[in-house]
Amino acid sequence: MQKKRTYPGWRVWAIGACAAVFVVCTGLLFRDLSRARREEQANLQLASQVHELEKQTKPVPSREPELAPELEPPPPRYADSGVLLQYDPLWQQNPDMAGWLYIEGTSIDYPVMYTPDSPEYYLRRAFDKSRAVSGSLFLGEGWTPEGPHAIIYGHDMHNDTMFGALASYQSEDFAREHSVIRFDTLTREREYEVLAAFYSRVYTDKDKGVFRYYQYGDLSDPERFAQYVEQVQAASLYHTGVEAVWGDRLLTLSTCSSYTEDGRFVVVAREIPQEQLETKG
């Protein structure tokens, strides 16, 4: 008769502990995946609502274009509040909403929040202010709707939400294929074209002679504007051929990057002049 094998007490305890850790880790992973999915679905619903209303602001093509202006007036673009029609319902729900960011062909299609007294309020909060690991896109300190510069921050999420797709701009080919970035304020639709993309990091006070792009929120001074553009172009991974001069409006998108400790990946774009958009249209 084969003798029954026995294990020392410590070995039984170790096996039990490993099993418990596995169960806990599996539970946490499932929780995180479920939470990420819920946050993603909530943001998709916001985007769906906006784009459905946006369709209503676009005139329906007429079979007789020459008669269209006489037959039917163009649909209204603004709500009674003065906010663009597609954004008014969400702004009514949460007046912290400052605009909308959209990049065609990517997952970036989100409201952008702004809380001047506490710029990072939405770092870990959803649009409805509930706790959210993915947070929301938010504007940096000192932003104004008609100002020359907007810095938008967002998390680099592994499920490609928020600014998870932003790192694709490290590829010059991707940047050329997705060169247009749309950032609307509540009252104006705007399109930007990619000027540069670069890696950076959050520097300490001991770091000297470095480019702290995140300290250039205010570009109202022509000399400071020129300094920013010069350093952005010098740091860029490639040259897009897009130039920026004093009087242009800039958009900077910033997210975390694991390439180094406290790393960041940044995309900078210049507003496309209205006359150029009209020509293109």
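The structure this text deals with has already been given above.
To keep things clear, this report deals only with the structure shown in the data block. (Residues numbered from 1 in each chain as written. Predicted model: local features only at pLDDT ≥ 70, side-chain atom pairs only at ≥ 80, totals over all residues. Heavy atoms only, no water.)

The subject of this paragraph is the overall build of the protein chain. If you tally the helices and strands in the protein chain, you get 6 helices and 8 strands. Helices (α) and strands (β) of the protein chain occur, in sequence order from the N terminus, as α-α-α-β-β-β-β-α-β-β-α-β-β-α. When each of the 281 residues of the protein chain is scored for burial, the buried share is 39%. Contacts spanning at least 24 positions in sequence make up 60% of the contacts within the protein chain whose residues lie at least 6 apart. Surface accessibility of the protein chain: about 16,700 Å² in total, with carbon and sulfur atoms responsible for 54%. (Helix = DSSP H or I, 4+ residues; strand = E, 2+ residues; numbered from the N terminus. Buried < 20%, exposed > 50% of the residue type's maximum accessible area, 1.4 Å probe, protein only. Contact = heavy atoms within 4.5 Å. Areas by Shrake-Rupley, 256 points an atom, 1.4 Å probe, with all protein chains shown as cover.)

To continue, consider the pattern of salt bridges. For the structure shown, the criterion picks out 14 salt bridges. We note a salt bridge from Arg176 to Glu172, for which the minimum N-O separation is 2.7 Å. A residue pair is termed a helical-turn pair when its members lie 3 or 4 positions apart in one helix, as Arg176 and Glu172 do in helix H4 (residues 172-177) at 4 residues. Overall, Glu172 belongs to the partly exposed group, its relative accessible area being 32%. (Salt bridge = Lys/Arg side-chain N within 4 Å of Asp/Glu carboxyl O.)

A few words on the pairing of strand S1 (residues 97-102). The side chains of a regular strand alternate, first on one face of the sheet and then on the other. Counting buried residues along S1, 5 of its 6 residues qualify, which places the element largely inside the surrounding structure. Summarising the sheet, S1 and strand S2 (residues 109-113) pair through 5 bridges and their orientation is antiparallel. Its bridge partner being in S2, Met97 is matched across the sheet by Met113. Remark: 6 residues form the turn of the hairpin made by S1 and S2, two consecutive strands paired antiparallel; Gly105 in that turn has positive phi of roughly 85°. Both S1 and strand S5 (residues 180-185) contribute to a ladder of 4 bridges, which runs antiparallel. Within S5, the residue paired with Leu101 across the bridge is Phe183. (Pairing = 2+ DSSP bridges.)

This brings us to the side chain of Thr161. Summarising the element assignment, Thr161 is placed in the loop between strand S4 (149-153) and H4. Overall, the relative accessible area of 7% leaves Thr161 in the buried class. Among the polar contacts listed, one links the side chain of Thr161 to the side chain of Asn159, at a separation of 2.6 Å. Residues within four places of Thr161 in sequence aside, it is in contact with Glu40, Ser107, Tyr110 and His155. (Polar contact = N/O pair within 3.5 Å; in protein donor to acceptor, adjacent residues only side chain to side chain.)

On to the packing of aromatic side chains, then. Tallying each qualifying case throughout the model produces 14 aromatic pairs. With a centroid separation of 4.9 Å and 75° between ring planes, the pair formed by Tyr121 and Tyr122 is classed as edge-to-face. Given a relative accessible area of 26%, Tyr121 falls into the partly exposed group. An aromatic cluster of three or more residues is present, and its members are Phe198, Phe211, Tyr213, Tyr214, Tyr216 and Tyr228. (Phe/Tyr/Trp six-rings, centres within 6.5 Å; stacked < 30°, edge-to-face > 60°.)

With that settled, the discussion passes to the side chain of Arg249. Within the fold, Arg249 resides in the loop between helix H5 (222-235) and strand S7 (250-257). Judged by its relative accessible area of 16%, Arg249 is buried. One polar contact links the side chain of Arg249 to the main-chain carbonyl oxygen of Glu146, over a distance of 3.2 Å. Those residues in contact with Arg249 that sit more than four places away from it in its chain are Glu146, Gly147, Pro148, Arg190, Tyr192, Ala269, Arg270 and Glu271.

For S5, the buried fraction is high: 5 of the 6 residues fall into the buried class. Two elements, S5 and strand S6 (residues 191-201), share 3 bridges in a ladder whose sense is antiparallel. Within the sheet, the bridge partner assigned to Ile181 lies in S6 and is Tyr192. Between S5 and S6, which pair antiparallel and follow one another directly, the connecting turn spans 5 residues.

With that settled, the discussion passes to the sheet that holds S7. Spatial ordering of the closed barrel is given by S1-S2-S3-S4-S7-S8-S6-S5, a layout of 8 strands whose pairing is mixed. Across the sheet, the axes of successive neighbouring strands diverge by a mean angle of 30°, strand direction being ignored. On top of the sheet, H5 reaches S4, S6, S7 and strand S8 (263-271); it is set at about 70° to S6, its chief contact. (Axes fitted to C-alpha atoms, helices over the stretch in contact; angles between N-to-C directions.)

So, on to unusual backbone geometry. Positive phi, normally seen in glycine, also occurs at Met162, with a value near 50°. Judged by relative accessible area, Met162 falls into the buried class, the value being 1%. Notably, Asp262 is not glycine yet its phi reads approximately 55°, a positive angle. For Asp262, the position within the fold is in the loop between S7 and S8.

With that out of the way, let us pick up H5. An ideal rise of 1.5 Å per residue puts 20 Å on 14 residues; H5 measures up with 20 Å between its terminal C-alpha atoms. In this structure, the buried side of H5 is in contact with S4, S6, S7 and S8. A distance of 3.2 Å separates the backbone nitrogen of Glu223 from a side-chain oxygen at the start of H5, and that oxygen is part of Asp221. (Expected span 1.5 Å × (residues − 1).)

Just distances and angles here, no functional claims.
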